[in-house]
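# Report on the structure
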Amino acid sequence: MATLTAARDAVRPRPAALGVGFDWLVLAASAWLLGGLYWDGWAHGYGLPDSFWTTWHAAFYSGYAAAAVVLFGAIGRARPAATSWRAAIPAGYGAAVAGVFIFGVGGIFDMAWHTAFGIELSSDALLSPSHLVLGLGIALIVSGPLLAAWRRPAAGGLVQQLPAVLSLTALLSVFTFFSLFAGPYSAVVGTGARPNEATLVRSLLGMYLFSALVVGLALVALRRGTLPVGSLVVLLGLNAIAMILMRGHASFDVQLTFMLVAIVAGVIGDVLLWRLRPSDSRPLQLHAFAFALPAVYLALYLAVVVLRVGSGWTVHELTGMVTLCGVVGLLLTFVAAPRRASIP
């Protein structure tokens, strides 16, 4: 049996191993692709005339083409020395290659969808099935450097793991883009007169989703050893800058203020990461970290709303939202933590 296993391992196609330099190439193409996506979102948000032949669509689809060229160029270079096309795929980039094909199918689907039902307006653009297929393809493409880092031995701090952290940030940015209909960047949560029930529920659910996305991705990266100290300020800060600039519809000083909120929350999150050292072997610290990360962000966010913008929301609504977002993060740790042996 051992001989047969060894024989199978010897002939099994092994993915080509490429270094961090290739990760940076994929990140550059991913930034191009996401830049086009966010530019397209900006144009939709301002109600600009839409068609396939726009500069933002050109940026978007050329970014996709750049990602495809980088990935398939690497495969083509590795193919002569590989046992198969599958073995020529760079290690960790199988999902990214699948994403290229999924995006291509989504593009054809999108054209057919537009022909049948017209151009989507407002939140319909985020919920359209054809756009969700495109979103899945983008998410897989930008996740390549992160998944590749998981295939290598854990190494160093933020500088050494920056490609993986930026890939994680790109992945979060895909999720927050497609959930723009709710959450901290859909509108300024907590501002204005006391909300009616529908507005309160929408705000709560949006913040729950945002908290789950941030903590969920952080916990996955933490367990894989790709969440070094300093990564949370990159994750929250860059995502906030991209989302706020795309959303617009606010004065520059308000936009800058909420960018700083995310950056400060990221700094505090990194301090917690450094001091608590959360891990599977330190469950109490893991729970505390997952509760505090979204709670700190939202507490800072709502404090700025109350002090800088003005709010008619009650103290119960504001503090309850902060607490419940922390609970969302806390609950995710019971999914991320390993299962404990049952008591006989």
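Everything numeric in this text was worked out from a predicted model, so none of it was measured. (Residues numbered from 1 in each chain as written. Predicted model: local features only at pLDDT ≥ 70, side-chain atom pairs only at ≥ 80, totals over all residues. Heavy atoms only, no water.)

This brings us to the overall build of the chain. Helix and strand counts for the chain stand at 14 helices and 0 strands. Relative to the globule expectation of 20 Å for 344 residues, the C-alpha radius of gyration of the chain, 22 Å, shows essentially globular dimensions. Across its three principal axes, the chain shows a C-alpha extent of roughly 70 × 60 × 40 Å. Relative to its 344 residues, the chain shows a buried fraction of 47%. Expressed as a percentage of contacts within the chain between residues at least 6 apart in sequence, the contacts between residues at least 24 apart total 78%. Counting every atom, the chain has about 16900 Å² of accessible surface; 71% of that belongs to carbon and sulfur. Taken as two groups, the 19 positive and 12 negative side-chain charges of the chain have centres that lie 17 Å from each other. (Helix = DSSP H or I, 4+ residues; strand = E, 2+ residues; numbered from the N terminus. Rg over C-alpha atoms; globule rule 2.2 N^0.38 Å. Buried < 20%, exposed > 50% of the residue type's maximum accessible area, 1.4 Å probe, protein only. Contact = heavy atoms within 4.5 Å. Areas by Shrake-Rupley, 256 points an atom, 1.4 Å probe, with all protein chains shown as cover. Lys, Arg positive; Asp, Glu negative; His and termini not counted. Charge placed at Lys NZ, Arg CZ, Asp CG, Glu CD.)

By size, the foremost hydrophobic cluster in this structure holds 90 residues, and its most contacted members are Ile138, Tyr185, Leu227, Tyr297, Tyr301 and Met321. When residues of this core are assigned to their parent elements, the largest contribution, 12 residues, is made by helix H10 (residues 197-223). (Core = buried A, V, L, I, M, F, W, Y, C linked by side-chain atoms within 4.5 Å.)

This paragraph deals with empty space enclosed by the protein. According to the stated counting rule, one finds 1 cavity of 30 Å³ or more in the structure shown. As a volume, the largest cavity reaches approximately 80 Å³. The wall of the largest cavity is formed by Thr176, Ser179, Leu180, Ala182, Gly183, Pro184, Tyr185, Gly206, Leu209, Phe210, Leu213 and Met243. Among the elements that make up the lining of the largest cavity, the one with the highest residue count is H10 (4 residues). Across the lining of the largest cavity, the residue classes tally to 8 nonpolar, 4 polar and no charged. (1 Å grid on protein atoms, 1.4 Å probe; cavity = no way out; pocket = protein on both sides within 12 Å on 5 of 7 lines; lining within 4 Å. Points joined across faces, edges and corners; volume = space filled by probe spheres on them. Nonpolar A, V, L, I, M, F, W, Y, C, P; charged D, E, K, R; others polar.)

Within the secondary structure layout, Gly144 lies in helix H8 (residues 144-150). Spatially, the C-alpha atom of Gly144 lies 35 Å from that of Asp253, the residues being 109 residues apart in sequence. Setting aside its immediate chain neighbours within four residues, Gly144 contacts Gly92, Tyr93, Ala96 and Ser167.

Before going further, it helps to spend a moment on the packing of helix H7 (residues 129-142) against helix H9 (residues 158-178). If you want to describe how two helices pack, look at the angle between their axes and the distance between the axes. For the pair H7 and H9, the least separation of the axes is 9 Å and the interaxial angle reads 170 degrees. Taken together, the axes of H7 and H9 are roughly antiparallel relative to one another. Of the residues in H9, those touching H7 at His131, Leu132, Gly135, Ile138, Ala139 and Val142 are Ser167, Ala170, Leu171, Val174 and Phe178. Here the contact of H7 with H9 is composed, by residue class, of 8 nonpolar, 3 polar and no charged. (Axes fitted to C-alpha atoms, helices over the stretch in contact; angles between N-to-C directions. Parallel < 35°, antiparallel > 145°, perpendicular 65-115°, else oblique.)

For the rest of this paragraph, the subject is unusual backbone geometry. Unusually for a residue other than glycine, Arg277 sits at a positive phi of about 45 degrees. Mapping Arg277 onto the fold places it in the loop between helix H12 (252-276) and helix H13 (283-309).

Another aspect to go through is the pattern of salt bridges. If you walk through the whole model with that rule in mind, you get 4 salt bridges. The closest approach of N and O atoms between Asp23 and Arg152, which form a salt bridge, is 2.8 Å. In this pair, Asp23 sits in helix H2 (residues 20-45) while Arg152 sits in the loop between H8 and H9, placing the two residues 129 residues apart along the sequence. Among the residues examined, Asp23 registers a relative accessible area of 1% and is labelled buried. With its nearest N and O atoms 3.1 Å apart, the salt bridge here joins Asp280 to Arg223. (Salt bridge = Lys/Arg side-chain N within 4 Å of Asp/Glu carboxyl O.)

The subject of this paragraph is the packing of helix H11 (residues 231-247) against H12. Across the interface, H11 lies against H12 with an axial gap of 7 Å and an inter-helix angle of 165 degrees. As the angle between them shows, H11 and H12 are arranged roughly antiparallel. At the point where H11 passes H12, the crossing takes the right-handed sense. Along the contact surface, H11 presents Ser231, Leu232, Val233, Leu236, Gly237, Ala240, Ile241, Ile244 and Leu245, while H12 presents Gln255, Phe258, Met259, Ala262, Ile263, Ala265, Gly266, Val267, Gly269, Asp270 and Leu273. Classifying every residue of the contact of H11 with H12 gives 14 nonpolar, 5 polar and 1 charged. (Left-handed = near helix turned anticlockwise from the far one by under 90°.)

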